[in-house]
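Tertiary structure, described
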Amino acid sequence: MTTTTPRQAVEAVQAHPLLPEGDDERFTGYGVMGVPFASGHYLALRDFVATSVGPAYRAIWHRDPQGRWTIHTTGAPELTCPRYFGSVTATAQVPSISVSWHDDHTLDVTLGDQLSWRIELQATPATRMMTTMGGMLPEAGWNSSSVLAAMGPMARTMLGTGRIRLHGATPNGPLFKAAPLQVWRLAGAAATYHGENLGEPGPLGRQTHLGDFWLPQRGIFFVGRARFTPAGEQVDRTVGAAGTTMGR
């Protein structure tokens, strides 16, 4: 936890893509927990550099103003985010998602000619405190439902994100536990999706969620881990019913 910039933190986890111990389904990586736009659009990024269920992958989540979600994933849907959320989203398997750093606090995310997204990050007293607390908490704490239940309201108050839950049930059924070990606030974001400028970041009129996973009302970047109870055979049924699977 001695890294001082988001870029350094990402490079550290990429250099040492370690998974915590356990017999559940585990993921290590970074991303944008979520950023809402005043236009009603919503974007999130996941770049999991190591997983216990399959190869590393990237995913972009998009919600349109009508509330329809699509998860664009570079991996097989049954081994990536749709494994847990695909029953309430459309799914698009894509060849690649590009992430490049402009400087230590600015990154560009592109999805072919569909999405161009610039993200500017900053540390604040609140994010520094949350990161310090994350570094001090032992793995047993991150794996404790009672500890995570207490941390959600704390993060909401300190980061101004609206409701946050670090554990609960996914739409497909498996339970999740999220461990955002290091966090930064989005200082700015600009995105174009299918040729449409998404406008200025701003909270949605009504906070959105997928199962017990609440998407923040303010942009947050994280480096950390996630755990899920085994999905089992139900994954095949839910991914198949998710909507569309494109670009195979």
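All of the points below concern the structure found in this document. Keep in mind the model is a prediction, meaning the values are calculated, not measured.

Calculation notes
- Residue numbers here run from 1 along each chain, matching the order of that chain's written sequence.
- In keeping with the predicted nature of the model, local features appear solely for residues at pLDDT of at least 70, side-chain atom pairs appear and are counted solely at 80 or more, and the whole-chain, interface and lining totals rest on all residues.
- Side-chain measures were taken over the full set of non-hydrogen atoms in the model, leaving aside hydrogen atoms and water.
- Segments assigned H or I by DSSP are reported as helices when at least four residues long, segments assigned E as strands when at least two residues long, and all are numbered from the N terminus.
- Given the number of residues in a helix, its expected span is that number minus one, multiplied by 1.5 Å.
- In this scheme, a residue with accessible area under 20% of its type's maximum is buried, one over 50% is exposed, and one in between is partly exposed, where area comes from a 1.4 Å probe on protein chains only.
- Two strands form a pair only when DSSP identifies at least two bridges running between them.
- Pairs of N or O atoms are called polar contacts if they sit within 3.5 Å, as long as, within protein, a hydrogen donor faces a hydrogen acceptor (for residues adjacent in sequence, only side-chain-to-side-chain pairs).
- Only heavy atoms enter the contact rule, under which two residues are in contact if any of them lie within 4.5 Å.
- Within this analysis, the arc is defined by the directions that extend from the helix axis to the C-beta atoms.

1. As for helix H5 (residues 145-159)
- The terminal C-alpha atoms of H5 lie 21 Å apart, and with 15 residues this matches the ideal 21 Å at 1.5 Å per residue to within 8%.
- Positioned one or two residues after H5, glycine 160 has a phi angle of 65°, which is positive.

2. Observations concerning the pairing of strand E7 (residues 106-111)
- Counting buried positions along E7 yields 5 of 6 residues, so the element is predominantly enclosed.
- As paired elements, strand E6 (residues 98-103) and E7 share 5 bridges and run antiparallel to each other. Bridge pairing in E7 links valine 99 to valine 109.
- Linkage of E6 to E7, two consecutive antiparallel strands, is achieved through a turn of 2 residues.
- Bridge analysis of E7 against strand E8 (residues 115-122) gives 6 bridges, and the strand direction is antiparallel. Across the sheet, threonine 106 pairs through a bridge with glutamate 120, a residue of E8.
- Linkage of E7 to E8, two consecutive antiparallel strands, is achieved through a turn of 3 residues, within which glycine 112 is found at a positive phi near 50°.

3. Quick notes on the side chain of aspartate 24
- Along the polypeptide, aspartate 24 turns up in the loop between helix H1 (6-15) and strand E1 (25-36).
- Polar side-chain contacts of aspartate 24 include one of 3.0 Å to the side chain of arginine 227.
- When residues no more than four places from it in sequence are discounted, the contact partners of aspartate 24 are Ser52, Arg227 and Phe228.

4. Thoughts on helix H3 (residues 125-136)
- Over its 12 residues, H3 runs 17 Å from end to end, which matches the ideal 16 Å to within 8%, given 1.5 Å per residue.
- Among the residues of H3, Ala126, Thr127, Met130, Thr131 and Gly134 are the ones counted as buried. The buried residues of H3 occupy an angular sector of 130° when the element is viewed end-on, so they sit on one face. Set apart from the buried face of H3 by more than 90 degrees, the exposed residues are Pro125 and Met136.
- Turning to H3, the residues buried within the fold contact E8, helix H4 (139-142), H5 and strand E10 (175-193).

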